[in-house]
Amino acid sequence: MDLIAWTIVASEIGFWVVIIAGLVTRYIFKKKKTGLLLLALTPLIDLILLVTTSVHLWNGAEATIAHAVAAVYIGVSVAFGKSMIEWADVRFQYYITKEGPRPKKFSGIPHAKHYFKSWLQHVLAYLIGAIFLVSLIFLIGDPSRTEALSNAWKLWTVVLGVDLLIAISHFIWPKK
């Protein structure tokens, strides 16, 4: 694996380590402000990945699928980060500290609405990631070096469309 692929792996591990450390600090050690500070560090991980990817390409590397995945990762992390932290927070409270309400399980139209809301987050992730991809393509200015980025962008566009169809299907055939 190359530098960018390892940076993506380190970013994902770092993301969850920071979240778990924040939740443990907040609920086990009862240090709410320190726990919040740790949880607030998650965007720093995205920034490190953004800078590493950009500098790597700026210094002449040919774009690979790993560079495209970095853009997708950053978009998803920014768009879904808060809801992923909330998801982990609710489960940590309920399953680890035995406090707080049981995590909700949706069905029927509430599930369809919840899924559609996550599709809207997917749109936001797509916009953020696409801006990053297009910026890299534009800044490098060499289509032969950025083909992997444009191909990933096209594939992600299809995935976003399929996800919309799935979201709509939940309204037509609600989950029991």
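Rules and cut-offs
Residues numbered from 1 in each chain as written. Predicted model: local features only at pLDDT ≥ 70, side-chain atom pairs only at ≥ 80, totals over all residues. Heavy atoms only, no water. Helix = DSSP H or I, 4+ residues; strand = E, 2+ residues; numbered from the N terminus. Buried < 20%, exposed > 50% of the residue type's maximum accessible area, 1.4 Å probe, protein only. Contact = heavy atoms within 4.5 Å. Areas by Shrake-Rupley, 256 points an atom, 1.4 Å probe, with all protein chains shown as cover. Lys, Arg positive; Asp, Glu negative; His and termini not counted. Charge placed at Lys NZ, Arg CZ, Asp CG, Glu CD. Phe/Tyr/Trp six-rings, centres within 6.5 Å; stacked < 30°, edge-to-face > 60°. Patch = residues over 30% accessible without salt bridge, like charges linked within 9 Å, V, L, I, M, F, W, Y side chains within 5 Å. Salt bridge = Lys/Arg side-chain N within 4 Å of Asp/Glu carboxyl O. Polar contact = N/O pair within 3.5 Å; in protein donor to acceptor, adjacent residues only side chain to side chain. Core = buried A, V, L, I, M, F, W, Y, C linked by side-chain atoms within 4.5 Å. Axes fitted to C-alpha atoms, helices over the stretch in contact; angles between N-to-C directions. Parallel < 35°, antiparallel > 145°, perpendicular 65-115°, else oblique. Left-handed = near helix turned anticlockwise from the far one by under 90°.

1. Some details on the overall build of the protein
Helix and strand content of the protein: six helices and zero strands. Ordered by position from the N terminus, the helices and strands of the protein form the series α-α-α-α-α-α. Dimensions of the protein, computed from C-alpha atoms along their principal axes, come out at roughly 55 × 45 × 25 Å. Classification of the 176 residues of the protein by burial places 36% in the buried group. Pairs at least 24 residues apart make up 74% of the contacts formed inside the protein by residues separated by at least 6 positions. Carbon and sulfur atoms make up 73% of the accessible area of the protein, which amounts to about 10500 Å² in all. When the 17 basic and 10 acidic side-chain charges of the protein are each reduced to a single mean position, those positions are 18 Å apart.

2. What about the packing of aromatic side chains?
In this description, a pair of aromatic rings is defined by centroid distance and the angle of the planes. On inspection of all chains with the given rule, the structure shows six aromatic pairs. An aromatic cluster of at least three residues, connected via ring pairs, comprises Phe 116, Trp 119 and Phe 171.

3. As for a nonpolar patch on the surface
Residues Leu 41, Leu 44, Leu 47, Ile 48, Val 51 and Val 55 make up a contiguous nonpolar surface patch of roughly 500 Å² in combined accessible area. Assessed through its relative accessible area of 48%, Ile 48 is described here as partly exposed.

4. A short note on the side chain of Ser 77
Mapped onto the secondary structure, Ser 77 falls in helix H4 (residues 65–96). For Ser 77, the side chain forms a polar contact with the side chain of Asp 46, separated by 2.9 Å. What Ser 77 contacts, discounting residues up to four positions off in sequence, is Phe 15 and Asp 46.

5. Here we look at the nonpolar core
Ranked by size, the top nonpolar core spans 28 residues in total, and within it Ile 19, Leu 23, Leu 49, Leu 57 and Leu 149 carry the most contacts. When contributions to this core are tallied by element, the ones reaching two or more residues are helix H1 (3–28), helix H3 (42–58), H4, helix H5 (108–140) and helix H6 (147–172). Apart from residues lying up to four places away in sequence, Leu 149 is in contact with Leu 57, Ala 63, Thr 64, His 67, Ala 68, Leu 133, Leu 136 and Ile 137. In this structure, Ala 79, Tyr 126, Trp 156 and Leu 160 belong to the second largest nonpolar core, which totals nine residues.

6. Looking at the packing of H4 against H5
Where H4 meets H5, the closest approach of the two axes is 8 Å, and the angle between their N-to-C directions is 140°. Considering the angle they form, H4 stands oblique to H5. The way H4 lies across H5 gives a crossing that is right-handed. Residues Ala 68, Ala 71, Ile 74, Gly 75, Val 76, Val 78, Ala 79, Phe 80 and Ser 83 of H4 lie in contact with H5, whose contacting residues are Ser 118, Gln 121, His 122, Leu 124, Ala 125, Ile 128, Gly 129, Phe 132 and Leu 133.

7. Description of the pattern of salt bridges
Opposite charge on two side chains permits pairing when their charged atoms draw close. Per the stated rule, a full pass over the model turns up two salt bridges. Put simply, Asp 89 and Arg 26 hold a salt bridge, and the shortest N to O gap is 3.4 Å. Of this pair, Asp 89 sits in helix H4 while Arg 26 sits in helix H1, and the two are 63 residues apart along the sequence. Per residue, the accessibility class of Asp 89 equals that of Arg 26, and both read buried.

8. A look at unusual backbone geometry
The phi torsion of most residues other than glycine is negative, and most of the peptide bonds are trans. The backbone phi angle of Lys 30 is positive, close to 60°, even though this residue is not glycine. Structurally, the position occupied by Lys 30 is in the loop between H1 and helix H2 (32–39). Residue Lys 30 is classed as exposed on the basis of its relative accessible area, which comes to 55%. With a phi close to 60°, Lys 98 is a non-glycine residue in the positive phi region.

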